[in-house]
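# Per-entry structural report
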Protein chains: 2
Amino acid sequence: MSTDRDILCQPLTADAFAPFGDVLDASGEPDKIINAGKCGRYHDRAQLDFGPGGRAGISLFHAEPRQFPYTLDLLERHPEGSQAFLPMTQNPFLVIVSETAHSRPLAFLTAPGQGINLHRGTWHGVLTPLAAPGLFAVIDRIGDTANLEEHRLDPPWRILPG
Amino acid sequence: MSTDRDILCQPLTADAFAPFGDVLDASGEPDKIINAGKCGRYHDRAQLDFGPGGRAGISLFHAEPRQFPYTLDLLERHPEGSQAFLPMTQNPFLVIVSETAHSRPLAFLTAPGQGINLHRGTWHGVLTPLAAPGLFAVIDRIGDTANLEEHRLDPPWRILPG
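Notes on the structure follow.

Here is what the cut-offs are and how they apply
Within each chain, residues carry numbers counting from 1 in the order of the written sequence. Chains and ligands are labelled sequentially in the order written, the chains with letters from A and the ligands with numbers from 1. Owing to the predicted nature of the model, reporting of local features is limited to residues with pLDDT of at least 70; listing and counting of side-chain atom pairs is limited to 80 or more, with chain, interface and lining totals taken over all residues. In computing side-chain values, all of the structure's heavy atoms are included and hydrogens and water are not. For this analysis, a salt bridge means a side-chain nitrogen from Lys or Arg found within 4 Å of a carboxyl oxygen belonging to Asp or Glu. We count a stretch as a helix when DSSP gives it H or I for four or more residues in a row; a strand needs E for two or more, and each element gets its number in order from the N terminus. Summary of the burial criterion: residues with accessible area below 20% of their type's maximum are buried, those above 50% are exposed, and those between are partly exposed, where the area comes from a 1.4 Å probe applied to protein chains only. Being paired, for any two strands, means DSSP has found at least two bridges between them. Fitted lines through C-alpha atoms serve as axes, helices being fitted only where they are in contact, and the angles separating the N-to-C directions of these axes extend from 0 to 180 degrees. Here, residues are in contact when the closest pair of their heavy atoms is within 4.5 Å. Buried area is understood as the total, over both parts, of accessible area removed when two parts are fitted together, assessed with a 1.4 Å probe. Nitrogen and oxygen atoms within 3.5 Å of one another constitute a polar contact, given that in protein one can donate a hydrogen and the other can accept it, and given that sequence-neighbouring residues count only through two side-chain atoms. Only buried Ala, Val, Leu, Ile, Met, Phe, Trp, Tyr and Cys residues count toward a nonpolar core, and they belong to the same one when joined by side-chain atoms within 4.5 Å.

All names here are of chain B. Enumeration over the complete set of coordinates arrives at 16 salt bridges over all chains. Between Asp49 and Arg120 there is a salt bridge whose closest N-O contact spans 3.1 Å. You can see Asp49 sitting in the loop between strand 5 (39-42) and strand 6 (55-63) and its partner Arg120 sitting in the loop between strand 11 (115-118) and strand 12 (123-124), a full 71 residues away along the chain. Close ionic contact of Arg77 with Glu149 constitutes a salt bridge, the shortest N to O distance being 3.1 Å. Placement of Arg77 in strand 7 (residues 70-77) and of Glu149 in strand 15 (residues 149-160) is noted, with a sequence separation of 72 residues between them. Given a relative accessible area of 24%, Arg77 falls into the partly exposed group.

If you want it as structure tokens, here you go:
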């Protein structure tokens, strides 16, 4: 039974995602052709921001795959830094974001070859791959502070495929 | 016919690659378990260095697949910054590095789930995927300078599978 706590996934597009972050993909024309014509460079596509006391780091996340319907009972955000997720597979994954901790969240389903960069302070769900291996390169803030706020959702939302 | 200009690929390991850069993968135990036990974080695995006048950026590279035997006729390096390549597929790719522009290069073949970070100033071959799509997230220096030195190899080297 469908309820008003159900959220349907939409395809991830740069326009729809713009209030929350950057879509990182190789769609359209490259900004530069390099390596004697054999490589297109899509240049500097993420709005990185690691605050005054942080720096960029590359980490890997290996996450357990989730299934639909997905129960969304937690939002989090990183007040001091942006966070990018680049899948190291061609498997689509689920991207959940919210304007505030109390707004109705949006759910996006990526296409193969799409990563995202969450702008600093964006409320989002935890990393949710939909297939194994749930392997991602993560570019986020390295620093000495916790850089994490959590908000539990009660009742939860139920995320369904679009 | 095999000649002394032939170089055989070796598997990519952190130890063998250490003089040139970092292997970025999720092997071994994670540094931290997050998201209620559902995700392992392999934390801050790359030695990033973007020099005094640069900053980190995320770009995407879409490169044409190459085949064995691969003719290596060019080395390049970025004197002002490190450069990381994270494959957005599970396809192995070829990593060629060299101690100097005049040394005998080494060729490594990645395993699925392995990326690399070339340390600042490391001589390397151009990005060489072996299957389509040759799609990579690249974390390198954004700045106003060319940050590129090239060295043509004449005669070339011939890279063969291991």
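What follows covers the sheet that holds strand 8 (residues 83-87) of chain B. Strand pairing in a sheet is mediated by backbone hydrogen bonds. Such pairs are either parallel or antiparallel. One open sheet accounts for seven strands, arranged 4(A)-5(A)-6(B)-14(B)-8(B)-11(B)-3(B); its pairing is antiparallel. Only two strands of the sheet have a single partner each, and these edge strands are strand 4 (32-34) of chain A together with strand 3 (21-24) of chain B. Going from strand to strand, the sheet's axes swing by 25 degrees on average, the running direction of each strand aside. In terms of strand pairing, strand 4 of chain A meets strand 5 (residues 39-42) of chain A through three bridges, oriented antiparallel.

Strand order in the open sheet made by the seven strands is 3(A)-11(A)-8(A)-14(A)-6(A)-5(B)-4(B), with antiparallel pairing throughout. On the outer flanks of this sheet lie strand 3 (21-24) of chain A together with strand 4 (32-34) of chain B, each paired with one strand and no other. When the angles between neighbouring strand axes are averaged without regard to direction, this sheet yields 25 degrees. Sheet topology places strand 6 (residues 55-63) of chain A next to strand 5 of chain B; four bridges connect them, and they run antiparallel.

What follows deals with the interface of chain B and chain A. Between chain B and chain A, the contact holds 45 residues from the first and 45 residues from the second. A buried area of about 3,600 Å², summed over both sides, lies between chain B and chain A, and 59% of it is on carbon and sulfur atoms. Of all residues in chain B, Ile58(B), Leu60(B) and Met88(B) give up the largest surface area on contact with chain A, accounting jointly for 19% of the area buried on that side. The interface formed by chain B and chain A contains six salt bridges. Measuring nitrogen to oxygen at the nearest pair gives 3.5 Å for the salt bridge that ties Glu64(A) to Lys38(B). If you look at where chain B meets chain A, you find 16 residue pairs in polar contact (both at pLDDT 80 or more).

Proteins that are soluble and globular tend to have nonpolar side chains buried together. If you look at the biggest cluster of nonpolar residues, it comprises 28 residues, and the most contacted ones within it are Ile58(A), Leu86(A), Ile139(A), Ile58(B), Leu86(B) and Ile139(B). If you list the elements that add at least two residues to this core, you get strand 6, strand 8 (83-87) and strand 14 (134-142) of chain A together with strand 6, strand 8 and strand 14 (134-142) of chain B. Ignoring anything within four residues of it in the chain, the contact list for Ile58(B) reads Leu24(A), Asp44(A), Arg45(A), Ala46(A), Leu48(A), Ala84(A), Leu86(A), Ile139(A), Val138(B) and Ile139(B).

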